[in-house]
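# Secondary and tertiary structure notes
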Amino acid sequence: MARRGTLRKKIFLFTVILTMSFTSFFLYATNTRGGNLMDLTLMDVDGRKVRLDQLAEGKPLLLYFWASWCKPCRKIQPKVASLAKEYKDRVTVVGINVGGLDSPKDIKKYRSRHRITYTMLIDRDDEAVKAYSVSAIPVVILVDETGKILFRDNEPPANLEKFLPE
């Protein structure tokens, strides 16, 4: 019996290490692209093409990958909105709608209903999803002006200040 428990622990540990290795690889691969991550062009809710580097205006970008049907996304959205207001002079917050199920009209209604003031973009062709290796939502990614990833998690950073330049 004891051997079975030990084998399960080893398999679990191996799985965790393997998962962390793949995650690290994808984050490394994404970070090595540097400025290319900022060259992405997505559509805003009014159908205009917007480049991430132009939105950034020399500031770090806080990218929030979300969809209206995603329950965890709805849960963290107020935190993202709060960061957008608190750090508006130091960080550009951008919501990136993914999944293709929300129409621009739906996104506008969601933005209005929740009084969202930060920019909303639509990733119809999964360009940003692929570039930032997003496999599940919500994801919050902070990138500096060059596209280097400073923070990545399913929740906004508890202390955004520590990731920002002085």
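The sections below set out a description of the structure shown in this document. (Residues numbered from 1 in each chain as written. Predicted model: local features only at pLDDT ≥ 70, side-chain atom pairs only at ≥ 80, totals over all residues. Heavy atoms only, no water.)

## Looking at the overall build of the chain
- Within the chain one finds five helices and seven strands.
- The order of helices and strands in the chain, counted from the N terminus, is α-β-β-α-β-α-β-α-β-α-β-β.
- In the chain, which comprises 166 residues, the proportion classed as buried is 40%.
- Counted over contacts in the chain with a minimum sequence separation of 6, partners at least 24 positions apart contribute 69%.
- Of the roughly 10100 Å² of accessible surface on the chain, 55% is carried by carbon and sulfur atoms. (Helix = DSSP H or I, 4+ residues; strand = E, 2+ residues; numbered from the N terminus. Buried < 20%, exposed > 50% of the residue type's maximum accessible area, 1.4 Å probe, protein only. Contact = heavy atoms within 4.5 Å. Areas by Shrake-Rupley, 256 points an atom, 1.4 Å probe, with all protein chains shown as cover.)

## Looking at the state of the cysteines
- Applying the stated criterion across every chain, the model contains one disulfide.
- Here C70 pairs with C73 through a disulfide, and the sulfurs are 2.4 Å apart. Of note, the bridge from C70 to C73 carries an S-S torsion of about 80° and is right-handed in sense. Assigned by exposure class, C70 and C73 land together as buried. (Disulfide = S-S within 2.5 Å.)

## Some points on the pattern of salt bridges
- Going through the model one piece at a time under the given rule, you end up with seven salt bridges.
- A salt bridge links R51 to D39; the shortest N-O distance between them is 3.4 Å. Taken as a pair, R51 in strand β2 (residues 49–51) and D39 in the loop between α1 (2–32) and β1 (41–44) lie far apart in primary sequence, twelve residues in all.
- Overall, R51 belongs to the partly exposed group, its relative accessible area being 30%.
- Notably, a salt bridge pairs K79 with E155, separated by 2.8 Å at the nearest N-O pair. Taken together, the residues K79 in helix α3 (residues 71–86) and E155 in the segment after β7 (149–153) connect sequence positions 76 residues apart.
- A relative accessible area of 39% means that K79 is categorised as partly exposed.
- Its relative accessible area of 29% is what places E155 among the partly exposed residues.
- Each of D44, D46, R48 and K108 takes part in salt bridges that share partners, so that together they form one network. (Salt bridge = Lys/Arg side-chain N within 4 Å of Asp/Glu carboxyl O.)

## Points about the sheet that holds strand β3 (residues 61–66)
- Pairing within the open sheet is mixed, and its seven strands lie in the order β2-β1-β5-β4-β3-β6-β7. Pairing within the sheet leaves two strands with one partner each, and these edge strands are β2 and β7. Between one strand axis and the next, the sheet turns through 35° on average, direction left out of account.
- Here β3 pairs with strand β4 (residues 92–97) via six bridges, running parallel. Within β4, the position partnered with F65 by the bridge is I96. (Pairing = 2+ DSSP bridges. Axes fitted to C-alpha atoms, helices over the stretch in contact; angles between N-to-C directions.)

## With respect to the pairing of β3
- With six of its six residues buried, β3 lies for the most part within the structure.
- A two-sided burial pattern is seen for β3, the buried positions comprising L61, L63 and F65 on one face and L62, Y64 and W66 on the other.
- Once the chain exits β3 it traverses α3 before rejoining the sheet at β4, and the crossover so formed is right-handed. (Right-handed = clockwise from strand over helix to strand, strands pointing away.)

## Things to note about the packing of aromatic side chains
- Summed over the entire model, instances satisfying the criterion amount to four aromatic pairs.
- Aromatic pair F65 and Y132: ring centres 6.0 Å apart, planes at 55°, arrangement tilted. You can see F65 sitting in strand β3 and its partner Y132 sitting in the loop between α5 (127–131) and β6 (139–143), a full 67 residues away along the chain. Accessibility classification places F65 together with Y132 in one group, the buried group.
- Both rings, one in W66 and one in Y110, keep their centres 4.9 Å apart while their planes meet at 25°; by these two values the pair is stacked. Of this pair, W66 sits in strand β3 while Y110 sits in helix α4 (residues 104–113); the two residues are 44 residues apart in sequence, bridging distant segments of the chain. Residues W66 and Y110 agree in their burial class; the two are buried. (Phe/Tyr/Trp six-rings, centres within 6.5 Å; stacked < 30°, edge-to-face > 60°.)

Without other data, these values stay purely geometric and don't point to any function.
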